[in-house]
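Remarks on the overall topology
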There are 2 protein chains.
Amino acid sequence: MAQEDVSNGAAAEKSRVTFTACKTQLTVEAHKVSDAVSFYKSVFGAVESGHSLYPKRKADQELPHLLSAELLLAGSTFLVCDVSSHSTLVVSAKTEGNNMTTLHLVTDDVEAAVAKAVDAGAVKAEEVSEVDSGGKKGKVTDPFGVTWIFSSPASKEV
Amino acid sequence: MAQEDVSNGAAAEKSRVTFTACKTQLTVEAHKVSDAVSFYKSVFGAVESGHSLYPKRKADQELPHLLSAELLLAGSTFLVCDVSSHSTLVVSAKTEGNNMTTLHLVTDDVEAAVAKAVDAGAVKAEEVSEVDSGGKKGKVTDPFGVTWIFSSPASKEV
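**Some words on the domain arrangement of chain A**
Residues and elements named next belong to chain A.
- Per the domain assignment, the segments making up chain A are domain 1 (22–97) and domain 2 (98–158).
- Counting from both sides, the interface comprises 20 residues of domain 1 and, opposite them, 18 residues of domain 2.
- Across the domain 1/domain 2 interface, buried area totals approximately 1500 Å², and carbon plus sulfur atoms make up 69% of it.
- Taken together, the links from domain 1 to domain 2 amount to zero salt bridges.
- Looking at the side of domain 1 that touches domain 2, the elements that each hand over two or more residues are β1 (19–28) and α2 (33–44).
- With seven residues, α2 is the single largest residue contributor to the side of domain 1 that touches domain 2.
- Grouping the constituent residues of the side of domain 1 that touches domain 2 by class yields nine nonpolar, seven polar and four charged.

**Quick notes on the side chain of S68 of chain B**
Residues and elements named next belong to chain B.
- Topologically, S68 is positioned in strand β3 (residues 66–73).
- At 2.7 Å, the side chain of S68 and the side chain of S52 are in polar contact.
- Setting aside its immediate chain neighbours within four residues, S68 contacts V33, H51, S52, V80 and C81.

**Considerations on the UniProt feature "domain: Glyoxalase At5g48480-like C-terminal" (unreviewed entry) in chain A**
- Summarizing the sequence annotation, UniProt attributes the feature "domain: Glyoxalase At5g48480-like C-terminal" (unreviewed entry) to residues 102–151 of chain A in the numbering used throughout.
- Structurally, residues 102–151 of chain A comprises 20% helix and 50% strand, and the distance from its first C-alpha atom to its last is 13 Å.

**Looking at the pairing of strand β6 (residues 123–130) of chain A**
Residues and elements named next belong to chain A.
- Pairing analysis gives five bridges linking β6 to strand β7 (residues 136–141), with the strands arranged antiparallel. The partner of E130 across the bridge, within β7, is K136.
- Hairpin connection between β6 and β7: a loop of five residues separates the two successive antiparallel strands, and G134 in this loop has a positive phi of roughly 100 degrees.

**Observations regarding the sheet that holds β1 of chain A**
- The strand order across the open sheet built from eight strands is β2(A)-β3(A)-β4(A)-β1(A)-β5(B)-β8(B)-β7(B)-β6(B), with neighbouring strands paired in mixed fashion. Looking along the sheet, the strands with just one partner apiece sit at the ends: β2 (47–53) of chain A together with β6 (123–130) of chain B. Taken pair by pair, the neighbouring strands of this sheet meet at an average axis angle of 20 degrees, ignoring direction.
- Bridge count for β1 of chain A against strand β5 (residues 102–107) of chain B is six bridges, and the pairing is antiparallel. Looking at β5 of chain B, one finds that A21 of chain A is bridged to V106 of chain B.
- The strands that helix α2 (residues 33–44) of chain B touches are β1 of chain A together with β5 and β8 (147–151) of chain B; relative to β8 of chain B, the one it contacts most, it runs at about 10 degrees.
- Packing against the sheet, helix α3 (residues 110–119) of chain B makes contact with β1 of chain A together with β5, β6, β7 (136–141) and β8 of chain B, and its axis sits at approximately 10 degrees to β7 of chain B.

Quick notes on the rules
- Residues numbered from 1 in each chain as written.
- Chains lettered and ligands numbered in written order.
- Predicted model: local features only at pLDDT ≥ 70, side-chain atom pairs only at ≥ 80, totals over all residues.
- Heavy atoms only, no water.
- Domains from an automatic or database assignment.
- Contact = heavy atoms within 4.5 Å.
- Buried area = accessible area lost by both parts, 1.4 Å probe.
- Salt bridge = Lys/Arg side-chain N within 4 Å of Asp/Glu carboxyl O.
- Helix = DSSP H or I, 4+ residues; strand = E, 2+ residues; numbered from the N terminus.
- Nonpolar A, V, L, I, M, F, W, Y, C, P; charged D, E, K, R; others polar.
- Polar contact = N/O pair within 3.5 Å; in protein donor to acceptor, adjacent residues only side chain to side chain.
- UniProt positions renumbered as here; feature names shortened; annotations may be inferred.
- Pairing = 2+ DSSP bridges.
- Axes fitted to C-alpha atoms, helices over the stretch in contact; angles between N-to-C directions.

Below, the structure is given as structure tokens:
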């Protein structure tokens, strides 16, 4: 019976698994975390809530590179990580456009959001367009290969 | 002077761009959104907050396929989208393992979280290990090519 108790226990434990946070990881080219964090802060207004540094650089007093950073944006948390901190991830030298990570940002002003991102180095992936729901949609690829889709809710009845 | 006013106006608008929500998009193979939603609901306890259907199937009364769904998980929102709804995205027939999207889930029981995901069809990407902070870390690739990294906070001092 003991064996059965053990497996029941394990099954019960699995069913009770709960999660307290869900964070998307954006993996960027080596040594580009600082640039990406600056981009997301200045263009989207993201706020940094933590970071980790490259260990080995501290010895030679140069400004230590960021290895990863945690950012808060519109109620969500995401991580910006240096590709070297995730050895199993094979990333081509230039991740621009071939990064599968896509995030949606809801805003009242899609045109301004696209313009601001493009001013800061993003590339327009499609023109801003009206969507069935009455809102608008725009899409850019940022300098780190991440796709951002901006959408605005349907305008409220006047 | 009018031209200057216009550009000042546009610049002011750009600086005032604000975002009310940030949602990660998980792009899955054609017709797999329903399977992915079931997986995320049963394995992670995600809750559906909306969806859109394939338009053309309604005519022939078959159960219409999900085109996209919005899920809530641990305070975050993410979208599961059928690859065909994003024509510009070139995805190989089998996205398993080559999908760059990675999400982190914080939980008290990394082993149970990994076991539950593997039971439901995910593949262990690395063994569960202790991390410097005192917590644990586990990593799986789900049947839809998305990588999930489970981490537990450092155990509180006793």
